[in-house]
Amino acid sequence: MKQSILLKLLPCLVLLPLVCMTLLAQDANAPGVIVTQGDPTWVHVVRPPTIVTPAVIPDVSKLYTIYSNLGSKTDAYDDTNGVYVNGPDAGQGNLQWIAAPFRPKQDAVVTKIEVPLEYGGAGTNAVTISLNEDRNNLPGKVIYTWNLANLPAWPSCCTLDVARDTKGLKVNKSVPYWVVAKTNAKTTTTLDVWPCVNNGNRGYVSFNQGGGWIPAEFYFPAFAVFGKKAN
């Protein structure tokens, strides 16, 4: 498994019931904020986010879009709705990692992944993402890992965290892959949020609360995978 430091679907046999959660991690007592729990733990804030800056989305004439569910540059994702990504010491009772699948429409080489992961206001401001193979409709072997730091505060829009690989990571047509957001030994106290798509679409995801990957269905996390077509 290669590593790089950066500073700045799938049918399943079991569908778990999900409970939507309302929270503003920086101030759980803020007006319009309610705190609940669910499996996995999702977050929702009833007021619209503040536009921080337009998202930087690659020019499709220069990079091939392998997969994307992002919206426009000023409305790239829904920052009122997301899912927790946290370590075991973040005060949520247990760790929670989230993974979202995609299938390339043709053979391609991944050079960039854009994910709107945001800092939830607790612990180390960092997160680890990885590109994984599929194993029985769940995240499998890690292909590549990136460690991201200095994430924007949640809720805000529309900053995208960028993971790059200049050599490129080959993916095959119609084969499922996963983008995984998780913590590591240095981010056990981290509490982050992965915002969902801005069109309210639901999809199959997977979450891990320490006992292995589990399939679930809920609002789909926002992300995009870019690169070039394979020769």
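It should be emphasised that the depicted structure is a prediction, and the values quoted were computed from it without experimental measurement.

Looking at the overall build of the protein
- What the protein contains, in helices and strands, is zero helices and 17 strands.
- Looking at the protein as shown, the accessible area adds up to about 10300 Å², and 52% of this sits on carbon and sulfur atoms.

Structural notes on the side chain of Thr 111
- Note on placement: Thr 111 falls in strand β7 (residues 108-115).
- Overall, the relative accessible area of 19% leaves Thr 111 in the buried class.

Describing the state of the cysteines
- By the definition in use, this model includes one disulfide.
- The disulfide partner of Cys 157 is Cys 158, and the gap between their sulfur atoms is 1.8 Å. With the S-S dihedral at roughly 75 degrees, the linkage between Cys 157 and Cys 158 falls on the right-handed side.
- You can call Cys 157 buried: its relative accessible area is 2%.
- Take Cys 158: its relative accessible area is 0%, and that puts it in the buried class.

Here's the deal with the nonpolar core
- With 45 residues, the main nonpolar core has Ile 113, Leu 117, Ile 129, Leu 131, Trp 146, Trp 194 and Phe 223 as its most contacted residues.
- Considering each element in turn, this core owes the most residues, four residues, to β7.
- Every residue in contact with Ile 113, bar those within four places of it in the chain, is listed here: Leu 131, Trp 146, Asp 161, Val 162, Ala 163, Val 179, Ala 224 and Val 225.

A short note on the confidence of the model for the protein
- Counting all residues, the mean pLDDT for the protein is 83, and 80% of those residues have values of 70 or more.
- Per-residue pLDDT stays below 50 along residues 1-37; that stretch engages in 110 contacts with residues further than four places along the chain or on separate chains.

Things to note about unusual backbone geometry
- That bond from Trp 154 to Pro 155 is cis: its omega, 0 degrees, falls within 30 degrees of zero.
- Among the structural elements, Pro 155 can be located in the loop between β10 (138-149) and β11 (156-157).
- Residue Cys 158 is reached from Cys 157 by a cis peptide bond, and omega for that bond is 15 degrees.
- For Asn 137, which is not glycine, the phi torsion reads 65 degrees and is therefore positive.
- Mapped onto the elements of the fold, Asn 137 is located in the loop between β9 (126-135) and β10.
- Its identity is not glycine, yet Asn 150 carries a phi of approximately 55 degrees, on the positive side.
- Tracing the backbone shows Asn 150 in the loop between β10 and β11.

Side note on the pairing of β10
- Within β10, nine of the 12 residues are buried, which leaves it mostly tucked inside the rest of the structure.
- Here β9 folds back onto β10 in antiparallel fashion, the turn holding two residues, of which Asn 136 has a positive phi close to 55 degrees.

The rules behind each value
- Residues numbered from 1 in each chain as written.
- Predicted model: local features only at pLDDT ≥ 70, side-chain atom pairs only at ≥ 80, totals over all residues.
- Heavy atoms only, no water.
- Helix = DSSP H or I, 4+ residues; strand = E, 2+ residues; numbered from the N terminus.
- Areas by Shrake-Rupley, 256 points an atom, 1.4 Å probe, with all protein chains shown as cover.
- Buried < 20%, exposed > 50% of the residue type's maximum accessible area, 1.4 Å probe, protein only.
- Disulfide = S-S within 2.5 Å.
- Core = buried A, V, L, I, M, F, W, Y, C linked by side-chain atoms within 4.5 Å.
- Contact = heavy atoms within 4.5 Å.
- pLDDT = per-residue confidence, 0-100.
- Pairing = 2+ DSSP bridges.

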